[in-house]
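Residue strings, one per chain:
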There are 2 protein chains.
Amino acid sequence: MKVIVNKLLFRFPTNMATTETTQKLFQQFEPELLKKIQQVGLVRKFKTDEYLMQTGQQIRSAVLVLDGVVKVFREDDEGNEVFMYNLHPGEACAISMTCAARQLSSQIMAKALVDTEVLVIPVELMDEWALKYRSWYQFVLETYRARFEELLDTLDHIAFRNLDERLLWYLKQHQKSLKSNFIKTSFTDIALELNSSREVISRLMKKLAEKGHVKLHKNEVEILHLKM
Amino acid sequence: MKVIVNKLLFRFPTNMATTETTQKLFQQFEPELLKKIQQVGLVRKFKTDEYLMQTGQQIRSAVLVLDGVVKVFREDDEGNEVFMYNLHPGEACAISMTCAARQLSSQIMAKALVDTEVLVIPVELMDEWALKYRSWYQFVLETYRARFEELLDTLDHIAFRNLDERLLWYLKQHQKSLKSNFIKTSFTDIALELNSSREVISRLMKKLAEKGHVKLHKNEVEILHLKM
DNA sequence: TCCCCCATGTGATGCTTATCACGCCAGAAG
DNA sequence: CTTCTGGCGTGATAAGCATCACATGGGGGA
């Protein structure tokens, strides 16, 4: 196993609080597996807006989120962005798992939405564990199922909802993921994520404000009630 | 294992040709696993347009396609249809696998596009094999990865392509899946799949015909060249 | 202080697509 | 033959959204 050493990378046991967090987040694992995870897992920290992964990068490990939020999305040739899903503590990225398993590079980007802590599991162990621990196999499957469902949800919205509903959905997701009613993302960036344009978002925000769903502050949107 | 007996359901070895097909399609499996598949797998046949699976149905088995084409899609509350992907011989449905594994009902519909033959593996064995045979575990993972990629591809098209390009894409998929240059699907049904309307498809088809990509016959579209 | 940049607000305009309203034709059924 | 039905063609109209053009206003740096 190649160990990249920098100040953001630790052997798991170096952080006692994290060990406890892991035990809480991954209760479903057999004690033996949990112990192994703690022995070989590497904790890696990312600051807000840092990239965990970028297009074309080879993936050599599975990533489990311990703390924070990771936005997973794709970018096509023309720079269009496709939001896929956000990952929260206790969750893992499905794509990273198979790409890791098959040593493929991916077309995926992953970015920390807030300061984030993840647990990195080398690819060789992933496979080994899948054959050895039922709970790990189940976890991998469940990860797939959940991401798949989320992707389908995203698909539904893009296919059938108008921009105003999608904007509401976006706001709701931020509220849930970041556990905050204040969104500091610029309209330009929101437009990018929804594949729209700044002007349109501006107009729609105004409508939402008129309806009392949000309140617009300087460089910030406050979510009031998102009836849904 | 509960065995449903009808004329469309056979113990695997009853059909020697199918046994050979399976060996060809699933070369990656260890001989021992292949043998087991042939012992316990059930062959089930579906006629064109028959449903393999409908919304809300409990899934109790994994489905591997032996012959034909299976269209997998979702329908939302308002009757909107979301195309997900087509399954071809040697492929399996990812959704059915985890839903089976977790005994969940799904929101998925699956329909035979032509006369189709599938192999049904009871859910208990799926899990057992995953822990026992590396090749089966890899197959499950690869199935997920592939379906995931296809879903992303669909997402890209819906999000960024105009209807004319999506129609071309649709035609190309049919050509590939059904290995035929003739499409008998009515414009109304194509419109349903692309979440558009008959009139629009009609106009776009005319454009494609003018450009020489297709030729319109009575109740049938002939694909000429789909430059892409 | 002045200037510039960045985020935002807003009107005008045009493209893509949905929808409505018809008309046409062919094959099936009476 | 007549009627009915289902698939298709086509114009008119409008909604949703992108894009362009330009304005405003605040904060930071020279």
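Residues numbered from 1 in each chain as written. Chains lettered and ligands numbered in written order. Predicted model: local features only at pLDDT ≥ 70, side-chain atom pairs only at ≥ 80, totals over all residues. Heavy atoms only, no water.

**Section: the overall build of chain A**
Assigned secondary structure in chain A consists of eight helices and eleven strands. Burial analysis of chain A (228 residues in total) assigns 50% to the buried set. Here the analysis covers contacts within chain A between residues at least 6 apart in sequence; of these, 72% occur between residues at least 24 apart. Counting only carbon and sulfur atoms, one obtains 50% of the accessible surface of chain A, whose full area is about 10,900 Å². (Helix = DSSP H or I, 4+ residues; strand = E, 2+ residues; numbered from the N terminus. Buried < 20%, exposed > 50% of the residue type's maximum accessible area, 1.4 Å probe, protein only. Contact = heavy atoms within 4.5 Å. Areas by Shrake-Rupley, 256 points an atom, 1.4 Å probe, with all protein chains shown as cover.)

**Quick word on the protein's contact with DNA strand D**
Taken together, the neighbourhood of DNA strand D is formed by 17 residues, with Leu163 and Ser196 of chain A together with Phe187, Arg198 and Ser202 of chain B sitting nearest. Here a base oxygen of DNA strand D sits 3.0 Å away from a polar atom, N or O, in the side chain of Arg203 of chain A. Secondary-structure elements contributing two or more residues to the surface near DNA strand D are helix H8 (198–210) of chain A together with helix H7 (187–193) and helix H8 (198–210) of chain B. Top contributing element to the surface near DNA strand D by residue count: H8 of chain B, with five residues. Here the residues of the surface near DNA strand D are counted per class, giving three nonpolar, eight polar and six charged. (Near = heavy atom within 4 Å. Polar contact = N/O pair within 3.5 Å; in protein donor to acceptor, adjacent residues only side chain to side chain. Nonpolar A, V, L, I, M, F, W, Y, C, P; charged D, E, K, R; others polar.)

**Points about the side chain of Arg147 of chain A**
Among the secondary structure elements, Arg147 of chain A is positioned in helix H5 (residues 134–160). Looking at Arg147 of chain A, the relative accessible area reads 3%, which means it is buried. Of the polar contacts made by the side chain of Arg147 of chain A, one reaches the side chain of Glu150 of chain A; its length is 2.9 Å. Ignoring sequence-local partners within four residues, the contact set of Arg147 of chain A consists of Tyr85, Leu87, Glu91, Ala92 and Ala94 of chain A together with Phe148 of chain B.

**Topic: the relation of the copies chain B and chain A**
Least-squares fitting of chain B to chain A yields an RMSD of 0.1 Å, with the transformation described by 0.1 Å of translation along the axis and a rotation of 180 degrees. Between the two chains, the operation in question is that of a two-fold axis. For chain B, the smallest separation between a C-alpha atom and the rotation axis is recorded for Leu131 of chain B, amounting to 2.2 Å. Of the residues that chain B buries at the interface, 100% are likewise interface residues in chain A, meaning the two copies contact each other through the same surface. (Least-squares fit on C-alpha atoms with pLDDT ≥ 70 in both.)

**Focus on the domain arrangement of chain A**
Residues and elements named next belong to chain A. Domain boundaries in chain A define domain 1 (9–159) and domain 2 (161–223). Between domain 1 and domain 2, the residue contacts involve 14 residues of the former and nine residues of the latter. Carbon and sulfur atoms make up 52% of the surface buried where domain 1 meets domain 2, a total of about 1,200 Å² over both sides. When the buried surface of domain 1 facing domain 2 is broken down by residue, Glu81, Phe83 and His157 rank first, second and third, together holding 49% of it. Counting every contact that joins domain 1 to domain 2 gives one salt bridge. For the pair domain 1 and domain 2, the number of links is six residue pairs in polar contact (both at pLDDT 80 or more). Those elements that place two or more of their residues in the side of domain 1 that touches domain 2 are strand S6 (81–87) and H5. Counting residues per element, the side of domain 1 that touches domain 2 draws most heavily on H5, which supplies six residues. Taken together, the residues that form the side of domain 1 that touches domain 2 break down as six nonpolar, four polar and four charged. (Domains from an automatic or database assignment. Buried area = accessible area lost by both parts, 1.4 Å probe. Salt bridge = Lys/Arg side-chain N within 4 Å of Asp/Glu carboxyl O.)

**Section: the protein's contact with DNA strand C**
What surrounds DNA strand C is a group of 16 residues, the closest being Phe187, Ser202 and Lys206 of chain A together with Leu163 and Ser196 of chain B. For DNA strand C, the fraction of atoms within 4 Å of the protein that belong to sugar or phosphate moieties is 42%. Contact between DNA strand C and Ser202 of chain A: a phosphate oxygen at 2.7 Å from a side-chain N or O atom of the residue. One of the side-chain nitrogen or oxygen atoms of Lys206 of chain A is found 2.8 Å away from a phosphate oxygen of DNA strand C. The leading source of residues in the surface near DNA strand C is H8 of chain A, at five residues. Broken down by class, the residue content of the surface near DNA strand C amounts to three nonpolar, seven polar and six charged.

**A closer look at the pairing of strand S4 (residues 61–67) of chain A**
Side-chain positions along a regular strand alternate between the two faces of the sheet. Residues and elements named next belong to chain A. With six of seven residues buried, S4 is to be regarded as a mostly interior element. Direction of pairing for S4 relative to strand S8 (residues 116–122): antiparallel, over a ladder of six bridges. Across the sheet, the residue bridging to Val65 is Val118, located in S8. (Pairing = 2+ DSSP bridges.)

**A word on the nonpolar core**
The biggest cluster of nonpolar side chains holds 102 residues, and the ones touching the most others in it are Trp136 and Phe148 of chain A together with Trp136 and Phe148 of chain B. Ignoring any residue separated from it by four or fewer positions in sequence, one finds Trp136 of chain B in contact with Phe29, Leu33, Ile37, Leu64, Met97, Ile121, Met126, Trp129 and Ala130 of chain B. (Core = buried A, V, L, I, M, F, W, Y, C linked by side-chain atoms within 4.5 Å.)

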